[in-house]
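# A look at the structure
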Amino acid sequence: MKRIFNKLNGDIIIINNKGDILFCNEVFLKKLGYKQDDIIKNNINNILYNREDIDYIKKENNIDLLFYKKTKEIVRFNCDIIIDFFEEKESIFILCKEVSKSYTIEDLENLLDNIPIGLWIKDIDGKYLYSNSYLAGLANKEKEKMVGNYDIDNFKDEYAYLYKEVDEEIINTKKPRLLEEIIRVNGMDREFETYKAPILGKNEDVVYTVGATRDISLRKKIEEQVFNNHNQISTLHNILNRSNRDIKGLLENVCDELLKSLSSDGISIWLYDKDKKELKLYIRRGYFASSLHEGIIKLDTDKMRWELLNEISDGLKGISEVSYMDIYEEMKSDGVKYLGIYKIKLRDDNIGILTIPYNDDNQPPEYDQSNFIKAICSQMAILIKNLKLTDEIKIENNKRSNTERELALFLETAVDLVGVIGEDGYFKKANSKWSEVLGWTEEELMNINLKNLLHPEDRKKVLQVKDFKEGSKFRKNVKYRYLNKSGKYTWLYIGSKYVEEKKHFLVTGRDITKEMYAEEQTKKLEKVIEIESLKNEFFSNISHEFKTPLNIILGSMQLLNQSIDKNSITTEKLINHINTIKQNSYRLLRLVNNLIDISKIETGYYELQLSNNNIVSIIEDITLSVVNYVECKNINLIFDTDTECEILACDPDKIERVMLNLLSNAIKYTGEYGEIIVSLKSDNKKVIVSVKDNGTGIPKDKIGIIFDRFGQVNDALIKRREGSGIGLSLVKSLVEMHGGSIRVESEVNIGSEFIFEIPISLIEDEEVTILDKNLRGSQIEKCNIEFSDIYNI
């Protein structure tokens, strides 16, 4: 049966006659958020909002029940009641259908706590009966601590007394009130719009006061911005052409109209002098404190400073509230009862104040007109600011005229080239030095685009205008060649800065042609000296390479003659002397061959004997031919390829020459038990051959010169290892004659890898050359020659 109930979509709960829950189907559990273990064997009244008598439930055929969800939310169900047997016992079947949702006071409080409006309820004594979280946040308190306290407990004194006065007014008049006020929240002044109203009882007596307040700072700020923009368009535009006298007259007219509108006893404009720290009377209409007063309010006393005045809110105040002003006594003695003080400001610029006095026999306006007067002060601020700016502009114009005259004089007397160039590349201004250096007249320069005078190679270096615009502070110093009138190019050292506001470049220049010529000659001389030094080292090394094997050959022959003369020659000695002579003869032959080949390549008489060959076989055969040599030094030689056949046009002898030279170098600089790997791979366009060792390596600063004709890595290596140092230059030339390239990757004490590439191309109508495997002796002979400076043969 339980399984059937769980399949139904309806909500089912089964209880016994005591109210204990026997079963709930899954739909009902899911809706309330419970699990079987949470609810089974509990009494139904534990999950009902209002406790119900079980007998009452049994008697009803249909009843509305309020259930608690696990989240404490309340759900209303319309329930059919059926009495039947469940598990062989009489039970109450409650078939539920959700009809609506109900919310608790907690739900209402949560709702009110999440709106950005402060809400409260107070009794007629001012004690808080309710406060939402937003209001508590303004008071910097928890809302629970607000309730039961008064304004004096929850807010600062100045706010508390004001709130109390307004509450008393509402209770006495039984009328609501809407007001704007400034409250300091978290160190910042914020404007709030507050509505307060009385709640009347059956006898029309006030029993509660309620209120709501919202932050309108942003709205005010936007309104002020719109207002200021309107002022700037409608007011400032109309007074730009007025004289200072006209502007003051306009202000006087505004004061006259304001005096009539407010029905005050007087009105005065005081201008703020920041340097003298005083307010000076600028315009007066109607009452003034005393005829003996100098018209100056000092702001350099402890009681009266602009900073203090700036902190006081604008508005109408009792005379006792302005006792900090040095004209307070005069005003009081003259019967002034109220004084309106409004700051005249333009953004953060303090311009002055507007004062509006009311005497004993003159009551202030019934309605607060502060916003209206503030708007007028904003208009005044623009007018007065314009008045000041007019004087400042006249002074600045005079300074600018003087500066322009001085700049023109500087441009003409400057030693360097100075000019102003527009975005289009044409001069706007140029001093006479441009004509002296380039030969063009001033008129010709003005009609020539400076870019057209640039040397073609230098035009690529010129930055575009957009490059300067990305950073207006960017300054570029470069060396350019400009065409002079004689047809020659003049070197100029140019500095330029882009001025965004003016859309032009400020350019300075200096003639450095002589410096560049001297620099070029110095570089040439240094190059000649460097080449000569390399040649001297090269020839010194070549001399050593010739002398050493010749001396050994002569020495061996002398020893041989002595042995013959003494009749002490033996077969073993004879073989040793012959091998020594043979090895050094190979060394001489190798050196001579290299020198001859280098000379032929240099003069263009060196030719390749191209034929279609399997490059894989050539590389593999020449590599395997040196196996015996590397084994003598306990070096492991490995050959690896990703293809067994790759036909291309090449000179087999020259390819063998390249490989033997690279292998010779690898063997020379690889220590005992080292490793040399020869690898070959193809990408259908070219063949890539690598000779890699784990020997001494090459310093990074020497990698660039090892293929030079006279380049050598260092003297220390040359002294430790025999060799002329011209082999790699020959290798590079042979590879390039095949249309290929060679490079090296090396790291000291890690090893070197020489990689050369040869393009795959074929000689048309020619068969593939099959190398004679019987030429093994020839390869051995080549190895003997190439490795003659490493091994005894």
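Coordinates for the structure precede this section.
Residues numbered from 1 in each chain as written. Predicted model: local features only at pLDDT ≥ 70, side-chain atom pairs only at ≥ 80, totals over all residues. Heavy atoms only, no water.

What follows covers the pairing of strand β18 (residues 427–430). Alignment of strand β17 (residues 417–422) against β18, held across three bridges, turns out to be antiparallel. In the strand pairing of β18, valine 420 is matched with lysine 429. Connecting β17 to the antiparallel partner β18 that follows it, the hairpin turn spans four residues, and glycine 425 within it adopts a positive phi of roughly 95 degrees. (Pairing = 2+ DSSP bridges. Helix = DSSP H or I, 4+ residues; strand = E, 2+ residues; numbered from the N terminus.)

All right, on to the packing of helix α20 (residues 571–603) against helix α25 (residues 727–737) then. The interhelical angle for the contact between α20 and α25, taken along N-to-C directions, is 45 degrees, at an axis separation of 10 Å. Overall, the two elements α20 and α25 adopt an arrangement that is oblique. Two packed elements cross with a definite hand, and for α20 against α25 that hand is left-handed. Judged by residue contacts, Asn594, Asp597, Ile598 and Ile601 of α20 engage Ser729, Leu730, Ser733 and Met737 from α25. For the contact of α20 with α25, the per-class residue count stands at four nonpolar, three polar and one charged. (Axes fitted to C-alpha atoms, helices over the stretch in contact; angles between N-to-C directions. Parallel < 35°, antiparallel > 145°, perpendicular 65-115°, else oblique. Left-handed = near helix turned anticlockwise from the far one by under 90°. Contact = heavy atoms within 4.5 Å. Nonpolar A, V, L, I, M, F, W, Y, C, P; charged D, E, K, R; others polar.)

A few words now on the sheet that holds strand β12 (residues 278–286). Strand order in this open sheet of six strands is β13-β12-β11-β16-β15-β14, and the pairing throughout is antiparallel. Each edge of the open sheet carries a strand with a single partner, namely β13 (296–298) and β14 (315–318). Direction aside, neighbouring strands of the sheet carry axes that sit 25 degrees apart on average. Sheet analysis places β14 next to strand β15 (residues 336–346), joined by four bridges and oriented antiparallel. Of the residues in β15, the one forming a bridge with leucine 316 is glycine 340.

With that settled, consider the packing of helix α21 (residues 615–624) against helix α23 (residues 652–668). Two numbers describe how α21 lies on α23: the axes approach to 10 Å, and their chain directions differ by 40 degrees. As far as their axial angle goes, α23 and α21 are oblique. At the point where α21 passes α23, the crossing takes the right-handed sense. Here Ile615, Ile618, Ile619, Ile622 and Thr623 of α21 come into contact with α23, specifically with Pro652, Ile655, Glu656, Met659, Leu660 and Leu663. When the residues that make up the contact of α21 with α23 are grouped by side-chain class, the tally is nine nonpolar, one polar and one charged.

Turning next to α20. End to end, α20 covers 47 Å across 33 residues, agreeing with the expected 48 Å (1.5 Å per residue, within 8%). Among the residues making up α20, those that are buried are His577, Gln583, Asn584, Tyr586, Arg587, Leu588, Arg590, Leu591, Asn594, Asp597, Ile598 and Ile601. A positive phi of about 85 degrees marks glycine 604, the residue just after α20. (Expected span 1.5 Å × (residues − 1). Buried < 20%, exposed > 50% of the residue type's maximum accessible area, 1.4 Å probe, protein only.)

Moving on to the packing of aromatic side chains. Tallied over the full model, the rule gives 14 aromatic pairs. Relative to phenylalanine 77, the ring of phenylalanine 67 has its centre 5.5 Å away and its plane inclined at 85 degrees; by these criteria the two rings are edge-to-face. With phenylalanine 67 in strand β3 (residues 62–68) and phenylalanine 77 in strand β4 (residues 74–86), this pair connects stretches of sequence that are 10 residues apart. Residue phenylalanine 77 is classed as buried on the basis of its relative accessible area of 0%. With centroids separated by 5.4 Å and ring planes inclined at 90 degrees, the aromatic side chains of phenylalanine 155 and tyrosine 163 adopt a geometry described as edge-to-face. Residue classification places phenylalanine 155 among the buried residues on the basis of a relative accessible area of 13%. For tyrosine 163, a relative accessible area of 7% puts it in the buried group. In textbook terms, an aromatic cluster arises when at least three aromatic residues are bridged by ring pairs, as seen for Phe5, Phe23, Phe86 and Phe93. Lying across the ring of tyrosine 68, lysine 72 places its NZ or CZ 5.7 Å from the centre. (Phe/Tyr/Trp six-rings, centres within 6.5 Å; stacked < 30°, edge-to-face > 60°. Lys NZ or Arg CZ within 6 Å of the ring centre and 35° of its normal.)

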